[in-house]
Amino acid sequence: MKTIIFMLCIAFAIPSVNAQTTSNSKVTVKYSSDDTSGKGYKINISISNTDDVYTLNASFPSHKTEEVKRFLNDHLDAKMSKNYGSYTWNYNNQGEEVYKVKLRKGKLSVFLDKEAVSIDLVDDLIDAFNDLRELIKE
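This section reports on the structure supplied with the text. The model shown is predicted, which means the values in this text are computed figures rather than measured ones.

1. Some remarks on the packing of aromatic side chains
- A full pass over the atoms with the stated rule returns 2 aromatic pairs.
- Considering the side-chain rings of tyrosine 91 and tyrosine 99, the 5.3 Å spacing of their centres and the 15° angle between planes classify their relative orientation as stacked.
- A relative accessible area of 25% means that tyrosine 91 is categorised as partly exposed.
- By relative accessible area, which is 2% here, tyrosine 99 ends up buried.

2. A word on the nonpolar core
- With 30 residues, the main nonpolar core has Leu72, Trp89, Tyr99, Val101, Leu108 and Ile136 as its most contacted residues.
- Sorting the residues of this core by element identifies strand S2 (42-50), strand S3 (53-59), helix H2 (65-75), strand S5 (86-93), strand S6 (96-104), strand S7 (107-113) and helix H3 (119-137) as the ones contributing at least two each.
- Of all the elements, H3 adds the most residues to this core, at 7 residues.
- Ignoring any residue separated from it by four or fewer positions in sequence, one finds leucine 108 in contact with Leu56, Asn57, Ala58, Phe60, Leu72, Val101, Lys102, Leu103, Leu132 and Ile136.

3. Overview of the packing of H2 against H3
- One way to put it is that H2 packs onto H3 with a least axis distance of 11 Å and a crossing angle of 165°. In terms of orientation, H2 lies roughly antiparallel with respect to H3. When the axes of H2 and H3 are compared, the crossing they make is right-handed. Taking contact as the criterion, the partners of Glu67, Val68, Phe71, Leu72 and His75 in H2 are, on H3, Ala128, Asp131, Leu132, Leu135 and Ile136.

4. Concerning the pairing of strand S4 (residues 80-83)
- Two strands pair when backbone bridges link them, and S4 and S5 are joined in this way by 4 bridges, in the antiparallel orientation. By the bridge assignment, serine 81 is partnered in S5 with threonine 88.
- Here S4 folds back onto S5 in antiparallel fashion, the turn holding 2 residues, of which tyrosine 84 has a positive phi close to 50°.

5. A look at the environment of threonine 88
- With respect to the helices and strands, threonine 88 occurs in strand S5.
- Here the alpha-carbon distance between threonine 88 and lysine 102, two residues 14 residues apart in the chain, equals 4.5 Å.
- Every residue in contact with threonine 88, bar those within four places of it in the chain, is listed here: Lys79, Met80, Ser81, Lys100, Val101 and Lys102.

6. Structural notes on a negative patch on the surface
- The grouping of Asp120, Asp123, Asp124, Asp127 and Asp131 at the surface amounts to a negative patch.
- Among the secondary structure elements, aspartate 127 is positioned in helix H3.
- What makes aspartate 127 partly exposed here is its relative accessible area of 47%.

7. Comments concerning the pairing of S7
- The pairing of S3 with S7 spans 7 bridges and is antiparallel. By the bridge assignment, leucine 56 is partnered in S7 with valine 110.
- Where S6 lies against S7, 6 bridges are found, and the strand directions are antiparallel. Bridge assignment links tyrosine 99 to a residue of S7, and that residue is leucine 112.
- Counting the residues that bridge the hairpin from S6 to S7 gives 2 residues, and of these glycine 106 lies at a positive phi of roughly 80°.

Definitions and limits used
- Residues numbered from 1 in each chain as written.
- Predicted model: local features only at pLDDT ≥ 70, side-chain atom pairs only at ≥ 80, totals over all residues.
- Heavy atoms only, no water.
- Phe/Tyr/Trp six-rings, centres within 6.5 Å; stacked < 30°, edge-to-face > 60°.
- Buried < 20%, exposed > 50% of the residue type's maximum accessible area, 1.4 Å probe, protein only.
- Core = buried A, V, L, I, M, F, W, Y, C linked by side-chain atoms within 4.5 Å.
- Helix = DSSP H or I, 4+ residues; strand = E, 2+ residues; numbered from the N terminus.
- Contact = heavy atoms within 4.5 Å.
- Axes fitted to C-alpha atoms, helices over the stretch in contact; angles between N-to-C directions.
- Parallel < 35°, antiparallel > 145°, perpendicular 65-115°, else oblique.
- Left-handed = near helix turned anticlockwise from the far one by under 90°.
- Pairing = 2+ DSSP bridges.
- Patch = residues over 30% accessible without salt bridge, like charges linked within 9 Å, V, L, I, M, F, W, Y side chains within 5 Å.
- Areas by Shrake-Rupley, 256 points an atom, 1.4 Å probe, with all protein chains shown as cover.
- Salt bridge = Lys/Arg side-chain N within 4 Å of Asp/Glu carboxyl O.
- Lys, Arg positive; Asp, Glu negative; His and termini not counted.
- Charge placed at Lys NZ, Arg CZ, Asp CG, Glu CD.

What follows is the structure, encoded as structure tokens:
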């Protein structure tokens, strides 16, 4: 009987050893002002950072859109395209989409394929997006 119980314990333990090995980190940050003069604002920032992909989605006061656009133009290598009030930066490497950043009035979405480029570029872009997050929060 002890042998059977031991074998069952081993059978159930083996699948847990082969558990998911990818890291997944997701952070959601929400801010709101304490300003009671009617100029209050709400900021929502959602970040997902896995081994393969980094995404950032944010909504913020629309008056910050121009400041965010200037920041993106200064920090992204891709040329900006404008289409019906939205701005897009697409960067492709050997036919693969590396990142796509889309900015609309008060809204931002970022997609970065970490497997499509070098780790140095990934680190530089994530640092820039962290700085952008701070800019949005100010």
